[in-house]
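# Close look at the chain arrangement
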Amino acid sequence: MEVGNYSVGLDIGTTKIVAIIGKKNEYGKIEVLGIGKSKSLGVHRGVVNNITQTIQSIQQAVEEAEVNSGLKIGSVVVGIAGQHIRSLHHSDYITRADSEEVINEEDLDKLCNQVYKLVMLPGEEIIHVLPQEYKVDGQAEIKEPIGMYGGRLEANFHVVVGQVSSIKNVGRCIKSAGLDLGNITLEPLASSDAVLSKEEKEAGVALIDIGGGTTDLAIFKDGIIRHTAVIPFGGGVITEDIKEGCSIIEKQAELLKVRFGSAWPGENKDNEIVSIPGLRGREPKEITLKNLSKIIHARVVEIVEQVYAEIKNYGHDEQKKKLIAGIVLTGGGSQLKHLKQLVEYITGMDTRIGYPNEHLAGDSDAEIASPLYATAVGLLMNAVESEKKK
């Protein structure tokens, strides 16, 4: 197996674990060299709750990716989500020793590192410190202070915080699977790198990544991340509802959802019926698609309304904070039929489905450009970037 300058993203999700290997080609696009995925056992709502099973699933995905690409995986960039993630705003400043020198990279690092020292609630730690805009000697709204003169450098930060134990558990799984942990990234940030264009981030956009266990939200405006949230519901609860509502087993519920599910009950005629084989020796069950859609609709509305509440929380109603590009849906849950129409109906915002092909090389496998892999592709991009910085 060859070892070269390639990077690896590892998406530890609630339903699946994806390892994706790639590198930058000469056009600055990401070329995917190999991909491996396994069913995720041991992760619940984005949080690891069974270390042994998670390690096995990671190893399985990693091995598949290694076989696919003929490369050996060393260090990986991992995504983190889960209901323990919260974000807060903080502003901080440093006074520079010599205002005759221009501001450089080191000053910005010093300012960021100062924020990492913030005192958190017990059991929490800072995952990301994202500078939003800078002030130099009181002059506001500076996006890039490097090269300017000034004595006092201030910034507003978007700080993402998570539970120490959850983060440690992820790290533990990675190490036990025989890998090095390169970097931990917030999953909504990774997904947004993969599916949003620069123009959308400028205009203002909300990215909603509907996974199996969690729904992640990232809001951008003027090219800067403004708000992040993780909502502890995803495609899994929809499957649960179908299972309960139709009295069938989970596997059948998942298949029903994927094959026939729709978020808009009005679409189905009353006489459309699916027959499901009964358990050993029992009669098959008949389920009307209208009922199926009603069950899905009820839960999806609930998820979308929670996300919309977060968007309002950020201040979408104010003129200056308007999200002109509307909403982008991604993740496996975004493939539900008529979801786009439902989201537009509830929020009144323009909506599109986001595919992670924005930054992939032209000859990439069509499968990888599915919304399912948005987070994994974003983590791979993150890995490539941090490789470059080194």
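Residues numbered from 1 in each chain as written. Predicted model: local features only at pLDDT ≥ 70, side-chain atom pairs only at ≥ 80, totals over all residues. Heavy atoms only, no water.

## Brief notes about the confidence of the model for the protein chain
Defined as follows: A residue's pLDDT is the confidence the predictor assigns to it, expressed on a 0 to 100 scale. Each helix is a run of DSSP H or I of at least 4 residues and each strand a run of E of at least 2, with the numbering of both proceeding from the N terminus.
Taken over all residues, the pLDDT of the protein chain has a mean of 91, while the share at 70 or more is 99%. Model confidence for the protein chain, summarised as mean pLDDT per element, is weakest for helix 10 (residues 374-389) at 89 and strongest for strand 17 (residues 327-330) at 97.

## Side note on the pattern of salt bridges
Quick note on the threshold: Each salt bridge in this description consists of a side-chain nitrogen of Lys or Arg and a carboxyl oxygen of Asp or Glu lying within 4 Å of one another. In this scheme, a residue with accessible area under 20% of its type's maximum is buried, one over 50% is exposed, and one in between is partly exposed, where area comes from a 1.4 Å probe on protein chains only.
Under the criterion given, the structure shown has 15 salt bridges. Note that E66 and K72 form a salt bridge whose closest N and O atoms lie 3.3 Å from each other. Between R299 and E302 there is a salt bridge, with its nearest N and O atoms 2.9 Å apart. On the criterion of helical spacing, the pair formed by R299 and E302 is a turn pair, its members being 3 residues apart in helix 8 (residues 289-314). With a relative accessible area of 17%, R299 lands in the buried category. Relative accessible area serves as the criterion here: at 34%, E302 is assigned to the partly exposed category. A network of salt bridges, in which partner residues are shared, links E133, D222 and R226.

## Notes on the sheet that holds strand 6 (residues 75-80)
The following threshold applies: Paired strands, in this sense, are two strands between which DSSP finds at least two bridges. Angular values range over 0 to 180 degrees, each being the angle between N-to-C directions of two axes fitted as lines to C-alpha atoms, with helices fitted over their stretch in contact. The contact criterion used is simple: two residues touch if any of their non-hydrogen atoms lie within 4.5 Å.
With mixed pairing, the 5 strands of this open sheet are ordered in space as 3-2-1-6-11. At either margin of the open sheet sits one strand with a lone partner, and together these are strand 3 (30-39) and strand 11 (180-186). If you compare each strand with its neighbour and ignore which way they point, the axes differ by 25° on average. Across 9 bridges, strand 2 (residues 16-24) lies against strand 3 in antiparallel orientation. Paired with K23 across the strands is E31, a residue of strand 3. Those strands touched by helix 1 (residues 51-69) are strand 1 (7-12), strand 2 and strand 3, and its axis lies near 140° from that of strand 3. Contacts between helix 3 (residues 164-176) and the sheet are confined to strand 1, strand 6 and strand 11, with strand 6 contributing the most and set at about 150° to the helix.

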